[in-house]
Amino acid sequence: MGRPRAFDEDEVVRAAVGLFGSRVYDGVSVDDLVTRLGVHRNSLYKTFGSKRGLYLAALRRHLADDVRPLAEALVAAPDAATALRLVTSADLGLLLLAAVERAPVDEEVAAEVTAALGALDQAIADALGISADLAAALTAAALGILLRGNPDGVGTALSQRLDSLA
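Residue indices follow the written sequence of each chain, beginning from 1 at its first position. In keeping with the model being predicted, local features are shown solely for residues with a pLDDT of at least 70 and side-chain atom pairs are shown and tallied solely at 80 or more, while totals for entire chains, interfaces and linings include all residues. Hydrogens and waters are ignored; side-chain quantities use all the structure's heavy atoms.

**Q** Got a sec to walk through the overall build of the protein chain? Specific residues and values, please.
**A** The helix and strand tally for the protein chain stands at nine helices and zero strands. Helices and strands appear in the protein chain in the N-to-C order α-α-α-α-α-α-α-α-α. Its C-alpha atoms put the protein chain at 65 × 30 × 25 Å along the principal axes. The rule is simple: take the accessible area with a 1.4 Å probe, protein chains only, and divide by the maximum for that residue type; under 20% is buried, over 50% is exposed, in between is partly exposed. A burial count over the protein chain gives 37% of its 166 residues as buried. Restricting the contact set of the protein chain to residue pairs at least 6 apart, pairs at least 24 apart contribute 64%. Strands are runs of DSSP state E lasting at least 2 residues, helices are runs of H or I lasting at least 4, and numbering of each runs from the N terminus. By the convention used here, residues are in contact when the closest approach between their heavy atoms is within 4.5 Å.

This is the structure we're talking about:
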């Protein structure tokens, strides 16, 4: 019988969300994971199978803990400006990195990202009573502002413009 785990799997996955959300996948080595997460290499492999296995666990945790609650909040958004503010203030680093870096080369990541973005689009469409296409455009604009770091107050300016249309 093997030794009991010397780490909390949930804590490791949460820490991995932060690590993978702040760097590209290939920029995180197994040594980085071992050092930053405080898990022995053998334990990491035994628990998650591989770096990719831990990445998928972290992505799914991010979607459950950050993206799903955002979608639930978006359903209650009274207007487009509020929806925009909710998305641009969310911590979606791992989702954005997954969408641009891993989804094009990993079908499983692509499916997770597609489902998450679809949930955001649907929440906005439901909240605002708009078409799925228009909701997807609003989601894309909000994520673009978030990705660009809201340069020159673009998010604020767009929110003000959207407020004036309401």
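**Q** Give a description of the pattern of salt bridges that names residues and reports values.
**A** Note that side chains of opposite charge can pair when their charged atoms are close. Salt bridge criterion: a side-chain nitrogen from Lys or Arg within 4 Å of a carboxyl oxygen from Asp or Glu. All chains considered together, the criterion is met by ten salt bridges. Taking the shortest distance from any N to any O, the salt bridge between Glu112 and Arg60 comes out at 2.8 Å. Taken as a pair, Glu112 in helix H7 (residues 107-128) and Arg60 in helix H4 (residues 51-75) lie far apart in primary sequence, 52 residues in all. For Arg60, a relative accessible area of 34% corresponds to the partly exposed category. Each of Arg52, Arg60, Asp106, Glu108 and Glu112 takes part in salt bridges that share partners, so that together they form one network.

**Q** How would you sum up helix H8 (residues 132-148)? Please name residues and give values.
**A** Working rule for helices: expected span equals 1.5 Å times residues minus one. If you check H8, its first and last C-alpha atoms are 24 Å apart, about what 17 residues at 1.5 Å a residue would give, namely 24 Å. All buried positions along H8 are accounted for by Ala135, Leu138, Thr139, Ala142, Leu143 and Ile145. Seen end-on, H8 carries its buried residues on one side only, within an arc spanning 155°. Of the exposed residues in H8, the ones pointing more than 90 degrees away from its buried face are Asp133, Leu147 and Arg148. Backbone geometry just downstream of H8 places Gly149 in the positive-phi region, at approximately 75°. This arc is built from the directions going out from the helix axis to the C-beta atoms.

**Q** Tell me about the nonpolar core, and name the residues and values.
**A** Ranked by size, the top nonpolar core spans 48 residues in total, and within it Phe20 and Leu54 carry the most contacts. Counting residues per element, the ones that place at least two in this core are helix H1 (9-22), helix H2 (30-37), helix H3 (41-48), H4, helix H5 (80-88), helix H6 (93-102), H7 and H8. Ranked by residues supplied to this core, first place goes to H4 with ten residues. The contacts of Phe20, once residues within four sequence positions are left out, are Tyr25, Val28, Leu33, Lys51, Leu54, Tyr55, Ala58, Leu94 and Leu97. Buried Ala, Val, Leu, Ile, Met, Phe, Trp, Tyr and Cys residues that are joined via side-chain atoms within 4.5 Å together make up what is termed a nonpolar core.

**Q** So what's going on with the packing of H1 against H6? Residues and values would help.
**A** Here the axes come from fitting lines to C-alpha atoms, over the contacting stretch only for helices, and the angles between their N-to-C directions go from 0 to 180 degrees. The N-to-C vectors of H1 and H6 enclose an angle of 55°; their axes lie 8 Å apart at closest approach. Judged by the angle between their axes, H1 and H6 are oblique. When you trace H1 past H6, the crossing you get is left-handed. Contacts between H1 and H6 involve Val17, Phe20, Gly21 and Ser22 from the first element and Gly93, Leu94 and Leu97 from the second. Any angle that is under 35 degrees is reported as roughly parallel, and any over 145 degrees as roughly antiparallel; angles of 65 to 115 degrees are reported as roughly perpendicular and all others as oblique. Crossing handedness is read from the near helix: turned anticlockwise from the far helix by less than a right angle, it gives a left-handed crossing, and turned clockwise, a right-handed one.

**Q** Account for the side chain of Glu101, with residues named and values stated.
**A** By the secondary structure assignment, Glu101 is in helix H6. It turns out Glu101 is buried and unbridged, and the closest side chain with the opposite charge, Arg102, is 4.8 Å from it. Between N or O atoms, a polar contact is any pair within 3.5 Å; within protein, one atom must be a potential hydrogen donor and the other a potential acceptor, and residues adjacent in sequence are included only when both atoms are from side chains. Within the structure, Glu101 has its side chain in polar contact with the backbone nitrogen of Tyr25 (distance 2.8 Å). Excluding its chain neighbours within four sequence positions, the residues that come into contact with Glu101 are Val24, Tyr25 and Asp26. Here Asp and Glu are counted as negative and Lys and Arg as positive; His is not counted, and neither are the chain ends.

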